[in-house]
Amino acid sequence: MYQLLIVDDQPDLVEDLATNINWSSIGISSVFTANSANEALDTMNMTQIDIVITDIRMPGVSGLDLIDLINASWSHVKCILLSGYNDF
C-alpha cells in the first residue's frame, strides 16, 4: 500500500480529491493534504510519502519547484502534475 500527498492552494479542491476518490481501491492506504509547497515539505519530512499530486501554479513555491525539491531529497517519490490552466 502507498501513501499519497495532494498539494494545491485551493483547499476545496484538495478536500474533494482526498475524499471523493476510492483511493484504497488502487492501493493507496493513506491520503495526506497540503495547501502550499512549504506545508507539503513539512509533511514529507514527517511522513513517508510515495506519491505526490501537485498543482503547478501556487503562491510562493510553484508545483514545478516543489517537484525539484522532492526529487532532490526523496528520489523514490513519484510526482503527478495537476493543473486547470490552458497555457501548459
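About the cut-offs
- Residues numbered from 1 in each chain as written.
- Predicted model: local features only at pLDDT ≥ 70, side-chain atom pairs only at ≥ 80, totals over all residues.
- Heavy atoms only, no water.
- Helix = DSSP H or I, 4+ residues; strand = E, 2+ residues; numbered from the N terminus.
- Polar contact = N/O pair within 3.5 Å; in protein donor to acceptor, adjacent residues only side chain to side chain.
- Contact = heavy atoms within 4.5 Å.
- Pairing = 2+ DSSP bridges.
- Axes fitted to C-alpha atoms, helices over the stretch in contact; angles between N-to-C directions.
- Buried < 20%, exposed > 50% of the residue type's maximum accessible area, 1.4 Å probe, protein only.
- Arc of directions from axis to C-beta.

A. Quick look at the side chain of Gln 3. Summarising the element assignment, Gln 3 is placed in strand E1 (residues 2–7). A polar atom in the side chain of Gln 3 sits 3.3 Å from the side chain of Ser 30. Engagement of the side chain of Gln 3 in a polar contact is seen with the backbone oxygen of Gln 48, the distance being 2.6 Å. Beyond its immediate sequence surroundings of up to four residues, Gln 3 is in contact with Ser 29, Ser 30, Phe 32, Thr 47, Gln 48, Ile 49, Asp 50 and Ile 51.

B. A look at the sheet that holds E1. Reading across from one edge, E2-E1-E3-E4 is the order of the four strands in this open sheet, with parallel pairing throughout. At either margin of the open sheet sits one strand with a lone partner, and together these are strand E2 (28–34) and strand E4 (78–82). On average, each strand axis in the sheet is inclined to that of its neighbour by 20 degrees, with strand direction left out of account. Of the pairings in the sheet, the one linking E1 to strand E3 (residues 51–55) comprises four bridges and is parallel in character. If you follow Leu 4 over to E3, its bridge partner there is Ile 51.

C. Structural view of the environment of Ser 62. When you line up the elements, Ser 62 lands in the loop between E3 and helix H3 (63–73). Residue Ser 62 is classed as buried on the basis of its relative accessible area, which comes to 18%. Residues Ser 62 and Ser 36 lie 26 residues apart in sequence; the distance between their C-alpha atoms is 8.6 Å. Here the side chain of Ser 62 touches Leu 64 through a polar contact of 3.3 Å, landing on its backbone nitrogen.

D. Quick peek at helix H2 (residues 37–46). Where H2 is concerned, the buried positions are Ala 37, Ala 40, Leu 41, Thr 43 and Met 44. Along the long axis of H2, the arc covered by the buried residues comes to 160 degrees, so they all point the same way. Relative to its buried face, H2 has exposed residues pointing more than 90 degrees away, namely Asn 45 and Met 46.

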